[in-house]
Amino acid sequence: MPEKSETVYPWNRDRPFNDFPGFLTDIFGHRVQKLSVDAGFTCPNRDGTKGTGGCTFCDNNTFNPPYCSPRLSITEQLNRGVTFFEHKYPGQDYFAYFQSYTNTYADFNRLVSLYEEALNHPRIIGLVVGTRPDCITPELISYFHDLSKTYYVTVEFGIESVYNRTLERINRGHTFEESSQTIWQCKDKGFLVGAHLIFGLPGESNDDILSGARLISQLPINLLKIHQLQIIKGTAMEKDLRYHPDDFRFFSVDEYIDLLIRFLEIVNPTVVMERFVNVSPPDKIIGPRWGLKNFELVARIEREMLRRNTWQGRLFERNA
Ligand code: SF4
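Residues numbered from 1 in each chain as written. Predicted model: local features only at pLDDT ≥ 70, side-chain atom pairs only at ≥ 80, totals over all residues. Heavy atoms only, no water.

Draft legend 1. Representation of the overall build of the chain within the structure. Across its full length, the chain holds ten helices and nine strands. Over its C-alpha atoms the chain spans a radius of gyration of 19 Å, differing by no more than 12% from the 20 Å that the globule rule assigns to 320 residues. Taken along its principal axes, the extent of the C-alpha atoms in the chain is 50 × 50 × 40 Å. Each of the 320 residues in the chain was classed as buried or not, and the buried ones make up 54%. Pairs at least 24 apart in sequence give 81% of the contacts found in the chain among residues at least 6 apart. Counting only carbon and sulfur atoms, one obtains 49% of the accessible surface of the chain, whose full area is about 14,500 Å². Here the chain contributes 36 positively and 40 negatively charged side chains, and the mean placements of these two sets differ by 3 Å. (Helix = DSSP H or I, 4+ residues; strand = E, 2+ residues; numbered from the N terminus. Rg over C-alpha atoms; globule rule 2.2 N^0.38 Å. Buried < 20%, exposed > 50% of the residue type's maximum accessible area, 1.4 Å probe, protein only. Contact = heavy atoms within 4.5 Å. Areas by Shrake-Rupley, 256 points an atom, 1.4 Å probe, with all protein chains shown as cover. Lys, Arg positive; Asp, Glu negative; His and termini not counted. Charge placed at Lys NZ, Arg CZ, Asp CG, Glu CD.)

As structure tokens, this is what we get:
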């Protein structure tokens, strides 16, 4: 194991990237756990408004932890979530994480009533809402703005790729320009803006992905989640892989770590890195099958960054 770096990082913590747990500890002084809730939403890319069939990689069933079911009220899901985590981290605080499908896709009053049911739970101190960039209204932005005066609030946007040819290929139903415009509209509104990207989408080279780091770094985002493409059994992407195998590649662990580190070197150091990998149950995926747990991969990424004596933002250029 390499020595800890002597570099003083811009985020004033001792990890070579601007890490999410450290960021939360800076704010709250302790650990905070996200609890997923499924409010039973759908998505405009499934119900015909934007498209049908959804994004080709999407299988929302892989997202839901066992305590989370749309058949239960928000309060009951949160109660079960707290029970699930409480034995391991007694007394910790929680955020309600509206995760499945598009969590801003309903009538405004219904949305507010669901978010506020979550915020009225005695153990919840904040809200995290996952959505699409083409699915948020000025009214909702203003609501989140007001809410953020009292609570921690993050709105996470699925960007997935900065290339419209890729977004079209995966049937995403929105463009990168729409992502960019929405994120600029959310700037300085009090709540945090998160973005989600997938590495390894069909037709994208490593150079494409690294160029994406430059574009993403010019947007006013606060949090970034990245993960490797995993092809889930039964999805449209599984069929795409069968018919066009040359358009796909499964990273090896070492290839992925190398690409991720090179990406991180370009990323704006003010962006908090919330996720680097996603590990779905092995029986659900076609590939890649790495046989490692999430925390093991993160530990390897961190070790390799220390070994290379590099860090997030080392090569960042404003207005690159
Ligand atoms: S990934 Fe999100 S936007 Fe795409 S189909 Fe699934 S729920 Fe809808």
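Draft legend 2. Geometry of the environment of E274. On the secondary structure map, E274 appears in strand β8 (residues 272–275). In the structure, E274 is positioned 79 residues away from A195 in sequence and 9.7 Å away in space, judged by C-alpha atoms. With near-sequence residues (within four places) excluded, E274 lies in contact with F20, K34, E156, L223, L224 and K225.

Draft legend 3. Representation of the sheet that holds strand β4 (residues 152–160) in the model. Taken in spatial order, the seven strands of this open sheet run β1-β2-β3-β4-β5-β6-β8, and their pairing is parallel. The open sheet has two free edges, formed respectively by β1 (32–37) and β8, since each of these has just one partner strand. The sheet shows a mean angle of 25 degrees between the axes of neighbouring strands, direction not considered. Taken together, the three bridges between strand β6 (residues 223–228) and β8 define a ladder with parallel strand orientation. If you follow L223 over to β8, its bridge partner there is V272. (Pairing = 2+ DSSP bridges. Axes fitted to C-alpha atoms, helices over the stretch in contact; angles between N-to-C directions.)

Draft legend 4. Representation of the packing of helix α7 (residues 206–217) against helix α9 (residues 253–266) within the structure. It is the contact of α7 with α9, at a shortest axis distance of 9 Å, that shows an interaxial angle of 30 degrees. One way to sum up the angle between α7 and α9 is to call them roughly parallel. Judged by the sense of rotation from one axis to the other, the crossing of α7 with α9 is right-handed. Contacts between α7 and α9 involve N206, I209, L210, G212, A213, R214 and S217 from the first element and L259, R262, F263 and I266 from the second. A class-by-class count of the residues in the contact of α7 with α9 yields six nonpolar, three polar and two charged. (Parallel < 35°, antiparallel > 145°, perpendicular 65-115°, else oblique. Left-handed = near helix turned anticlockwise from the far one by under 90°. Nonpolar A, V, L, I, M, F, W, Y, C, P; charged D, E, K, R; others polar.)

Draft legend 5. Geometry of the side chain of N278. Here N278 shows up in the loop between β8 and β9 (285–287). Looking at N278, its side chain comes within polar contact range of the side chain of R275, at 3.3 Å. (Polar contact = N/O pair within 3.5 Å; in protein donor to acceptor, adjacent residues only side chain to side chain.)

Draft legend 6. View of helix α6 (residues 176–185). Within α6 the residues assigned to the buried category are F176, S179, S180, T182 and I183. Buried residues of α6, viewed axially, fall in a sector of 165 degrees; they line one side. (Arc of directions from axis to C-beta.)

Draft legend 7. Examining the pairing of β1 more closely. For β1, a buried count of six out of six residues is recorded, marking the element as mostly surrounded by other parts of the structure. By the alternation rule, side chains of β1 split into V32, K34 and S36 and Q33, L35 and V37, which are all buried.

Draft legend 8. Representation of the environment of K187 within the structure. Tracing the backbone shows K187 in the loop between α6 and β5 (192–199). In this structure K187 comes out as partly exposed when scored by relative accessible area, which is 34%. Linking K187 and I74, residues 113 residues apart in sequence, is a C-alpha distance of 29 Å.

Draft legend 9. Just the packing of aromatic side chains, in detail. Tallied over the entire structure, the rule returns 20 aromatic pairs. Judged by centre distance (5.4 Å) and plane angle (15 degrees), the rings of Y9 and W11 are stacked. We note that Y9, like W11, is buried. Members of the aromatic cluster, connected to one another through ring pairs, are F98, F108, Y115, Y143, F144 and F191. Over the aromatic face of Y97 sits the side chain of K34, whose NZ or CZ is 4.2 Å from the ring centroid. (Phe/Tyr/Trp six-rings, centres within 6.5 Å; stacked < 30°, edge-to-face > 60°. Lys NZ or Arg CZ within 6 Å of the ring centre and 35° of its normal.)

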